[in-house]
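Architecture at a glance
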Amino acid sequence: EKKWVPEASDIEHTVKKSEKALSVPAFKKLVNQTVKVSEDTIRRDVDDKRIKSSKTRGGHRRIPASELGPYLELLKDKKTDPLHDLRRAVKKIRVK
């Protein structure tokens, strides 16, 4: 006898729905417990797709709490790469 197992899409939807979504200021408070960053930096990283997020009907950004760990790793990598800012500037020039 087979046990009932929900479809993968049902599980994914449930996880997404139950995961806590944070506003940019709330996410900043959590990040600032480890590394100091501004809300503008977080917004820029959301817009540059470095942080996964969604928008409310009103246009406000919501960041899943699960993005905290990956974002802190990203910030750690930025600090250890002395050419990070230069690479970012060159990338912007190429895009324009």
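The structure under discussion appears in the preceding block.
Definitions and cut-offs
- Here the residue numbers are simple positions, counted from 1 along each chain's written sequence.
- Totals for whole chains, interfaces and linings use every residue, but because this is a predicted model, local features are given only for residues with pLDDT of at least 70 and side-chain atom pairs only at 80 or more, for both listing and counting.
- Excluding hydrogens and water, the side-chain figures rest on all heavy atoms present in the structure.
- Secondary structure follows DSSP: runs of H or I at least 4 residues long count as helices, runs of E at least 2 residues long count as strands, and numbering of each begins at the N terminus.
- Classification of residues uses two cut-offs on accessible area relative to the type maximum, computed with a 1.4 Å probe and protein chains only: under 20% is buried, over 50% is exposed, and between them is partly exposed.
- Distance and chemistry together define a polar contact, namely a pair of N or O atoms within 3.5 Å, with one atom able to donate a hydrogen and the other to accept it when in protein, and with adjacent residues in sequence counting only for side-chain atoms on both sides.
- Under the pairing criterion, centres of Phe, Tyr and Trp rings, with the six-membered ring standing for Trp, must be within 6.5 Å; the plane angle then separates stacked pairs below 30 degrees from edge-to-face pairs above 60, leaving the rest tilted.
- One requirement defines pairing of two strands: DSSP has to find at least two bridges between them.

A few words now on the side chain of Thr41. With respect to the element layout, Thr41 can be found in helix α3 (residues 39-47). By relative accessible area, which is 19% here, Thr41 ends up buried. Side-chain polar atoms of Thr41 contact the side chain of Ser38, separated by 3.0 Å.

What follows covers the packing of aromatic side chains. Applying the stated criterion to the full structure yields 1 aromatic pair. Summarising the aromatic geometry, the rings of Phe27 and Tyr71 are spaced 5.8 Å apart at their centres and angled 50 degrees between planes, so their arrangement reads as tilted. Of this pair, Phe27 sits in helix α2 (residues 24-31) while Tyr71 sits in helix α4 (residues 68-80), placing them 44 residues apart in sequence. Look at Phe27 and you get buried, because its relative accessible area is 0%.

Bringing the pairing of strand β3 (residues 61-64) into the picture now. Side chains of β3 alternate between two faces, with Arg61 and Ile63 buried and Arg62 and Pro64 left unburied. Bridge count for strand β1 (residues 21-22) against β3 is 2 bridges, and the pairing is antiparallel. Opposite Leu22, over in β3, you have Ile63 as the bridge partner. The pairing of strand β2 (residues 54-55) with β3 spans 2 bridges and is classified as antiparallel. From the neighbouring strand, Ser54 faces β3, where its bridge partner is Arg62. Between the antiparallel neighbours β2 and β3 lie 5 residues, among them Gly59 with a positive phi of about 90 degrees.

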